[in-house]
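Okay, here's what each chain looks like letter by letter:
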Amino acid sequence: MSRVVVSSSNSFSLKISEIAPDKSISHRSVMFAMLADGTSVIENFLRAEDTLNSLAIVKNLGATVVDDGKIIKISSEGIKESSEVLDCGNSGTGMRLFCGLLSSADGHFVLTGDKYLRSRPMKRVTLPLKNIGAKLDGRADGDLAPISIRGASLKAFNYESKIASAQVKSCMILAALRADGVCTYIEPELSRDHTERMLKGMGADIAVDGLKSTITPMKKLLSPLNIRVPADPSSAFFFAVAAAITPNSDITLEGVTLNPTRIEAFKALEKMGANINYEITDNKYEPIGNIQIKYAPLKAITVEDNISWLIDELPVLSIAMACAEGESIVKNAEELRVKESDRISTVVEGLRSCSIEVHEYKDGYKIVGGELQKSLVDSDGDHRIAMSFIIAGLKCGMEVTDLDCINTSFPNFFELLQKITKVDLQR
Ligand SMILES: O=C(O)C1=C[C@@H](OP(=O)(O)O)[C@@H](O)[C@H](O)C1
Ligand SMILES: C=C(OP(=O)(O)O)C(=O)O
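On a predicted model such as this, the values are computed, not experimentally measured, just so you know.

1. Re the overall build of the chain
Within the chain, the secondary structure is distributed over 13 helices and 24 strands. Taking 22 Å as the expected radius of gyration for a compact globule of 427 residues, we find that the chain reaches 21 Å, a close match to that expectation. Along the three orthogonal principal directions, the C-alpha set of the chain runs to about 60 × 45 × 40 Å. Looking at the chain as a whole, 52% of its 427 residues qualify as buried. Restricting to contacts in the chain with at least 6 residues of sequence separation, those with at least 24 account for 71%.

Written as C-alpha cells, this is what we have:
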C-alpha cells in the first residue's frame with residue numbers, strides 16, 4: 001500500500017478487542033520455546049512481518065512448529081545450524097535477541113535484515129557478547145548487519161549497561177543462561193521486563209533486585225511456555241490518542257498487557273488530562289486487562305523519566321502534544337534516533353509540515369500545541385510514524401505515504417481505523 005487519505009473524525013464510542021497481539025512477547029515466545037524441554041503452546045501470536053520472521057527463523061533453526069492458524073505449538077531438540085541466512089526483516093528485537101540466543105549454539109549463523117535494520121547499531125550487543133567470548137562479526141567492526149555468529153563457550157559476566165534497553169538486557173540474559181557461571185546484568189533504568197517474567201515462568205533462575213538481574217545458567221532445559229499473548233499497548237496507544245484528541249469520544253481497549261513497564265504512555269496521556277481507567281482481568285506472566293480512554297481537553301506535559309517505558313509510543317504521543325494547550329517537552333530520548341527511522345527528525349518534520357511549531361533537540365523536542373493542518377507526510381518506512389500521522393488525520397485530515405511498513409507490527413490497523421473514520425486507501 002503506498003498512500004492513504006484519512007478524513008477528520010466525528011466523536012466515537014466503542015470497544016476494541018482486536019488490537020494486534022504484543023510484538024515483544026510474540027518474538028520472545030517463539031525464541032524461548034527453543035530452550036524448553038517439551039512443547040510450548042502459544043495462542044494469539046502476532047501474525048505481523050517482524051514476528052513471523054522470528055517464527056520462520058526458529059523453524060530454520062530446527063524447531064518443529066505446528067500451527068493451526070490459532071495456536072502455535074513449538075518443540076525443539078536444540079538449536080541446529082541452518083543453511084539459510086536468517087532474515088529478521090525490519091526487527092531490531094529479532095536481531096538483537098537472536099544474537100544472544102545463538103552466540104552459544106553449536107554452529108555458524110548469519111543474521112540479516114532489511115535496509116533499515118542493516119543501518120541500526122548492533123555493537124550494543126555484539127561488543128558485550130564478544131567480551132565474554134562470543135564469536136560475532138559484522139560490517140563497521142561488528143556494528144552493522146549482516147552479523148555472522150560462530151557459537152562459542154561463554155564466560156560468566158558482571159555487565160553494567162549504559163543504555164536502558166530491553167533488547168540488550170534480553171540478549172545478555174539469553175547468553176547468561178548458557179554461560180559458565182552466575183552472571184549479573186545492571187541497567188541504568190528499568191526497561192520492559194517480559195524476558196525476566198517469561199523465563200522465570202519457565203523455571204529459569206533469574207533474581208531481579210531493582211535494576212540488577214542475577215542469572216544462574218540453566219542446568220537443564222526449561223519447562224515449556226504456555227501463553228496467550230495479550231494485546232500490544234504500543235499498538236493500542238494509537239487508538240488511545242485517537243480518543244484523546246476527538247471531542248466526546250470514548251474507547252475501551254481490551255485484553256492489553258498492563259505490565260507497568262509498558263503503559264507509561266497511557267499514564268502520560270492521563271497527566272495531560274484524558275480520563276483513563278484500567279481494569280485487570282488476568283495475571284499470567286504479567287497483568288492483563290482493559291484500558292478505557294475518554295476525551296478531555298489536553299494540556300502540555302514534560303516527559304523526561306522512564307523514557308524506555310514509552311519510547312515506542314512517543315511518536316503518537318507527540319500528536320497528542322500538538323493538540324494540547326501549551327508547550328510539551330520530550331527529553332532524554334536520544335534512543336529515538338536509532339529506531340526504524342530517526343524518530344526525532346521524522347516527528348519534528350512531520351509536525352512542522354502540519355503547521356505546528358516544534359524545536360528539535362539532540363535528545364528530544366519541544367512541541368507548541370496549536371491547530372494541526374492537513375498535510376502530506378511520508379513515513380520514511382517507519383510503521384510508528386505512518387500510524388501516528390494517520391491518527392493526526394482524525395483531527396485535520398491527512399495524506400500519508402509509504403505504508404507497507406505498518407504490516408511489521410499492526411496488520412489490522414486500517415480495519416480498526418475504519419470503525420472510526422473514512423479511510424481512502426490507494427495502491
Ligand atoms: O525488547 C523489546 O521487545 C523492545 C525494546 C525496545 O527497544 P530497545 O531495547 O532498543 O530500547 C523497543 O523500542 C522495541 O520496540 C521492542
Ligand atoms: C523500535 C521498534 O521495534 P524494533 O526495535 O524491534 O525494530 C518498534 O516497534 O517501534
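Now that the structure has been shown, we can carry on.
2. Considering the domain arrangement of the chain
Assigned domains of the chain: these are domain 1 (3–21 + 230–426) and domain 2 (23–226). The centre of domain 1, based on its C-alpha atoms, is set 28 Å off from the matching centre of domain 2. The partner domain 2 presents 23 residues to the 18 residues of domain 1 that form the contact. The class makeup of the residues in the side of domain 1 that touches domain 2 is seven nonpolar, seven polar and four charged.

3. Here we look at the site of ligand 2
Neighbouring ligand 2 are the residues Asn 90, Ser 91, Gly 92, Thr 93, Asp 312, Lys 339, Glu 340, Arg 384 and Ser 409. In terms of residue class, the shell around ligand 2 is built from no nonpolar, five polar and four charged. Viewed by domain, the shell around ligand 2 spans two of them, domain 1 (3–21 + 230–426) and domain 2 (23–226), each represented by three or more residues.

4. Observations regarding the site of ligand 1
Every residue near ligand 1 is listed here: Ser 24, Gly 92, Thr 93, Ser 165, Ala 166, Gln 167, Ser 170, Arg 192, Ser 308, Ile 311, Asp 312 and Glu 335. Every element with two or more residues in the shell around ligand 1 is listed here: α3 (92–102) and α6 (166–176). The dominant element in the shell around ligand 1, judged by the number of residues it contributes, is α6, at three residues. In terms of residue class, the shell around ligand 1 is made up of two nonpolar, seven polar and three charged. Residues lining the shell around ligand 1 come from more than one domain, with at least three contributed by each of domain 1 (3–21 + 230–426) and domain 2 (23–226).

5. Considerations on helix α2 (residues 49–60)
Taking 1.5 Å per residue, 12 residues should reach 16 Å; α2 reaches 16 Å between its end C-alpha atoms and fits that length. Looking only at α2, the buried set comprises Asp 50, Thr 51, Asn 53, Ser 54, Leu 55, Ile 57 and Val 58. Contacts from the buried residues of α2 go to α1 (23–32), β4 (64–67), β5 (71–75), β6 (86–87) and α3. Looking at the residues trailing α2, positive phi occurs at Gly 62, about 100°.

6. Here's the deal with the UniProt feature "active site" (unreviewed entry) in the chain
The positions UniProt marks with the feature "active site" (unreviewed entry) are Asp 312. Residue position: Asp 312 is located in the loop between β18 (302–303) and α10 (314–323). Asp 312 has contacts with Ser 234 and Arg 384, leaving out every residue within four places of it along the chain.

7. Comments concerning the sheet that holds strand β14 (residues 226–228)
Strand order in the open sheet formed by four strands is β4-β5-β3-β14, and the pairing between neighbours is mixed. Two strands close off the open sheet at either side, each with one partner strand: β4 and β14. Along the sheet, successive strands turn relative to each other by an average axial angle of 15°, direction set aside. Taken together, the four bridges between β4 and β5 define a ladder with antiparallel strand orientation. Bridge pairing in β5 places Val 65 opposite Ile 74.

8. Let's talk about the sheet that holds strand β20 (residues 357–361)
Within the open sheet, the four strands sit side by side as β18-β19-β21-β20. Their pairing is mixed. Edge positions in the sheet fall to β18 and β20, since each has one partner strand and no second. Where β20 meets strand β21 (residues 364–368), five bridges bridge the pair, whose relative direction is antiparallel. Pairing of His 359 across the sheet is with Lys 366, part of β21.

9. Details of unusual backbone geometry
Here the residue pair Ala 145 and Pro 146 is connected by a cis peptide bond, since its omega of 0° sits within 30 degrees of zero. Residue placement: Pro 146 occurs in strand β9 (residues 144–150). You will see that Tyr 285, though not glycine, has its phi angle at about 65°, which is positive. Note on placement: Tyr 285 falls in the loop between β16 (275–284) and β17 (286–294). Taking the C-beta count within 10 Å as the criterion, Tyr 285 has 23 such neighbours and is therefore assigned buried. The backbone phi angle of Asp 402 is positive, close to 65°, even though this residue is not glycine. Summarising the element assignment, Asp 402 is placed in the loop between β23 (398–401) and α13 (413–417). Judged by local crowding, Asp 402 falls into the partly exposed class, with 17 C-beta atoms found within 10 Å.

10. Quick word on the nonpolar core
Core analysis: the biggest nonpolar cluster contains 140 residues, and Cys 99, Ala 240, Val 241, Ala 244 and Ala 320 have the highest contact counts within it. In terms of residue count, helix α8 (residues 233–245) provides more of this core than any other element does, 10 residues in total. For this core, the two domains that each supply at least three residues are domain 1 (3–21 + 230–426) and domain 2 (23–226). Those residues in contact with Val 241, other than ones at most four positions away along the chain, are Val 316, Leu 317, Ile 319, Ala 320 and Ile 391.

11. Some words on the UniProt feature "domain: Enolpyruvate transferase" (unreviewed entry) in the chain
Sites flagged by UniProt as "domain: Enolpyruvate transferase" (unreviewed entry) map to residues 18–416. Helix makes up 31% of residues 18–416 and strand makes up 25%, while its end C-alpha atoms are separated by 8 Å.

What counts and how
Residues numbered from 1 in each chain as written. Chains lettered and ligands numbered in written order. Predicted model: local features only at pLDDT ≥ 70, side-chain atom pairs only at ≥ 80, totals over all residues. Helix = DSSP H or I, 4+ residues; strand = E, 2+ residues; numbered from the N terminus. Rg over C-alpha atoms; globule rule 2.2 N^0.38 Å. Buried ≥ 20, exposed ≤ 12 C-beta atoms within 10 Å, placed from the backbone. Contact = placed C-beta atoms within 7 Å. Domains from an automatic or database assignment. Nonpolar A, V, L, I, M, F, W, Y, C, P; charged D, E, K, R; others polar. Near = placed C-beta within 6 Å. Expected span 1.5 Å × (residues − 1). UniProt positions renumbered as here; feature names shortened; annotations may be inferred. Pairing = 2+ DSSP bridges. Axes fitted to C-alpha atoms, helices over the stretch in contact; angles between N-to-C directions. Core = buried A, V, L, I, M, F, W, Y, C linked by C-beta atoms within 7 Å.

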